[in-house]
Amino acid sequence: MLDSGLPAAQQPSWPDPAALAAAAGALAASPALVLPEECDRLRDRLAAVARGESLLLQGGDCAETFDGVTQEQVTGKFRTLNQMAAVISEGAVMPVVTLGRMAGQYAKPRSSPMETRDDQSLPVYRGDLVNGQDFHTDSRTPDAARLGRAYRVSATTLNLLRALTARQNTEFWTSHEALVLEYDRALTRGTPSGAYNLSAHLVWVGERTRQLDGAHIDFVSRIRNPVAVKLGPTTTPDDALALVDRLDPDREPGRLTFISRMGAGAVRDVLPDLVAKVTASGAQVVWMCDPMHGNTFSAASGHKTRRFADILDEVRGFFEVHAALGTHPGGIHAELTGEHVTECLGGTYEVTPADLPIRYESACDPRLNRSQSLDLAWELADLYAKHQLSRR
Ligand code: PEP
Ligand code: MN
């Protein structure tokens, strides 16, 4: 549904268009993963965040993997996010809306289309929805059958999440980057009140695909789900205002979330103008801070990593900007797992550069482990508590 014919950045080169069309057709005939009224309810919850009455916590793997869909790993992410939400909620004295990067986060934008090792060049890994991580021609060739597998593992993930949610009598929402448009379009359904992407409650458009004249922004402009857009350090106020006009023409609180990912060095310089001008336009967006993606670097060992101190510094900058403008620091977006991985540096149980090889399992970007995630939650509890006091 909703194919605009506009150029779409970051799409795989599928070798077999007929197989791709067949895979998309099979998904279009399959049951939806979520219901339109659930998406509406999340939009209501996010409207409360936009009004400054609640907070949003979004987290999960950079890239989910098919093999990572185990009872232990899914439960670990669910528990970590809920425990973080409880800690933050207690400090802020506000409800927290909990949104997993789960049950569909299977496609990745990449900085280069090819990867070269020992003189061999192969298509880059674009997430389990597209190809495999192994550096072999077979596994790296985009395979349309993976769309169906991504749908099925997302369904089993959601099944477990719904059981855990029911047991705890809580609410938990799912999200992913709407990147490979064949997948997201195939799971989009028309309803009397408009089209919904029923592969997740919320989908976002990434920093690399947010072109105003591109297919991704066009797609999310035409679905009724709450949607989000990542804003990197080169975003201008005019870019942000144009996105508001395209994605939230009715100025509906909860419809649009901006996820800033500026880097600790840029957030205090770039974010103020964006927040000031968007606020002045009358839009009530949710402002969320992704303190991960602007703070990535390669360690001497070659591992892609992030320092907990930089992550915290960007979060502090985000709070300073909102405190100065009198706006609401609505939430935090983090890449994390419930496992004791060693992918990000620092934390109370410190991960050092020498520890990185011990348990580095991410299929893409480095994630906070369980202990670092809880460290972040305690810091956020304090930051929100101070922020509330300063506004009384
Ligand atoms: C991500 O969230 O994994 C991602 C690719 O982020 P960004 O679009 O901000 O680079
Ligand atoms: Mn990432």
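Structure: above.
Residues numbered from 1 in each chain as written. Chains lettered and ligands numbered in written order. Predicted model: local features only at pLDDT ≥ 70, side-chain atom pairs only at ≥ 80, totals over all residues. Heavy atoms only, no water.

Caption draft 1: Local environment of the overall build of the chain. A count of helical and extended segments in the chain gives 11 helices and 14 strands. The C-alpha atoms of the chain give 20 Å as radius of gyration, which agrees with the globular expectation for 392 residues (21 Å, within 12%). In terms of its C-alpha atoms, the chain occupies a principal-axis envelope of roughly 60 × 55 × 45 Å. Out of the 392 residues in the chain, the part that is buried amounts to 59%. Accessible surface, the chain as shown: approximately 15100 Å² in total, 50% of it carbon and sulfur. (Helix = DSSP H or I, 4+ residues; strand = E, 2+ residues; numbered from the N terminus. Rg over C-alpha atoms; globule rule 2.2 N^0.38 Å. Buried < 20%, exposed > 50% of the residue type's maximum accessible area, 1.4 Å probe, protein only. Areas by Shrake-Rupley, 256 points an atom, 1.4 Å probe, with all protein chains shown as cover.)

Caption draft 2: Just the coordination of the manganese ion (ligand 2), in detail. Coordination of the manganese ion (ligand 2) by the protein involves Cys62 (SG), His293 (NE2), Glu335 (OE) and Asp365 (OD), with metal-donor separations of 2.2 to 2.4 Å. Relative accessible area serves as the criterion here: at 9%, Asp365 is assigned to the buried category. (Donors = N, O, S within 2.8 Å, 3.2 Å for Na, K, Ca; no water.)

Caption draft 3: Layout of the packing of aromatic side chains. Counted according to the given criterion, the structure contains five aromatic pairs. Taking the centre distance of 5.3 Å and the plane angle of 50 degrees together, the rings of Phe66 and Tyr106 count as tilted. Of this pair, Phe66 sits in the loop between strand E1 (55-60) and helix H3 (71-92) while Tyr106 sits in the loop between strand E2 (96-100) and strand E3 (114-117); the two residues are 40 residues apart in sequence, bridging distant segments of the chain. An identical accessibility class is assigned to Phe66 and Tyr106; each is buried. (Phe/Tyr/Trp six-rings, centres within 6.5 Å; stacked < 30°, edge-to-face > 60°.)

Caption draft 4: Quick look at the packing of helix H8 (residues 237-247) against helix H9 (residues 267-280). With their axes 9 Å apart at the nearest point, H8 and H9 run at an angle of 40 degrees to one another. Taken together, H8 and H9 sit at an angle that is classed as oblique. Classified by chirality, the crossing of H9 by H8 is right-handed. Between H8 and H9, the contacting residues are Pro237, Ala240, Leu241 and Val244 on the first element and Asp273, Leu274, Lys277 and Val278 on the second. (Axes fitted to C-alpha atoms, helices over the stretch in contact; angles between N-to-C directions. Parallel < 35°, antiparallel > 145°, perpendicular 65-115°, else oblique. Left-handed = near helix turned anticlockwise from the far one by under 90°. Contact = heavy atoms within 4.5 Å.)

Caption draft 5: Summary view of the pairing of strand E10 (residues 256-260). Burial analysis of E10 places five of its five residues in the buried class, the great majority of the element. In the sheet, strand E9 (residues 227-231) pairs with E10 via five bridges, with the strands oriented parallel. Residue Val227 lies in a different strand from E10, and its bridge partner there is Leu256. Examined bridge by bridge, E10 and strand E11 (residues 286-289) share four bridges and lie parallel to one another. Bridge pairing in E11 places Ser260 opposite Cys289. In this fold, E10 hands off to H9, which returns the chain to E11; that crossover is right-handed. (Pairing = 2+ DSSP bridges. Right-handed = clockwise from strand over helix to strand, strands pointing away.)

Caption draft 6: Spotlight on the site of ligand 1. Taken together, Cys62, Arg101, Lys108, Pro109, Gly206, Glu207, Arg208, Lys230, Arg261, His293 and Glu335 make up the full set of residues near ligand 1. A distance of 3.0 Å is found between an oxygen atom of ligand 1 and a side-chain nitrogen or oxygen belonging to His293. The separation between an oxygen atom of ligand 1 and a polar side-chain atom of Glu335 is 3.0 Å. For ligand 1, whose accessible area on its own is 300 Å², the fraction buried by protein is 98%. Looking at the shell around ligand 1 residue by residue, the class counts come to two nonpolar, two polar and seven charged. (Near = heavy atom within 4 Å. Polar contact = N/O pair within 3.5 Å; in protein donor to acceptor, adjacent residues only side chain to side chain. Nonpolar A, V, L, I, M, F, W, Y, C, P; charged D, E, K, R; others polar.)

Caption draft 7: Structural detail: unusual backbone geometry. Phi is positive for Gln10, which is not a glycine, with a value near 65 degrees. Position of Gln10 among the secondary structure elements: in the segment before helix H1 (17-28). One non-glycine residue, Asn169, adopts positive backbone phi at about 50 degrees. Checked against the element boundaries, Asn169 lands in the loop between helix H5 (145-168) and strand E5 (173-177).

Caption draft 8: Structural context of the pairing of E9. E9 sits mainly inside the fold: five of its five residues count as buried. Every second residue of E9 is oriented toward a common face, with Val227, Val229 and Leu231 on one face and Ala228 and Lys230 on the other, all of them buried. As paired strands, strand E8 (residues 202-205) and E9 are joined by three bridges and run parallel to one another. Opposite Val203, over in E9, you have Val227 as the bridge partner. Between the parallel pair E8 and E9, the chain is carried across by helix H7 (residues 215-221), and the sense of this crossover is right-handed. Traced from E9 through H8 to E10, the parallel crossover comes out right-handed.

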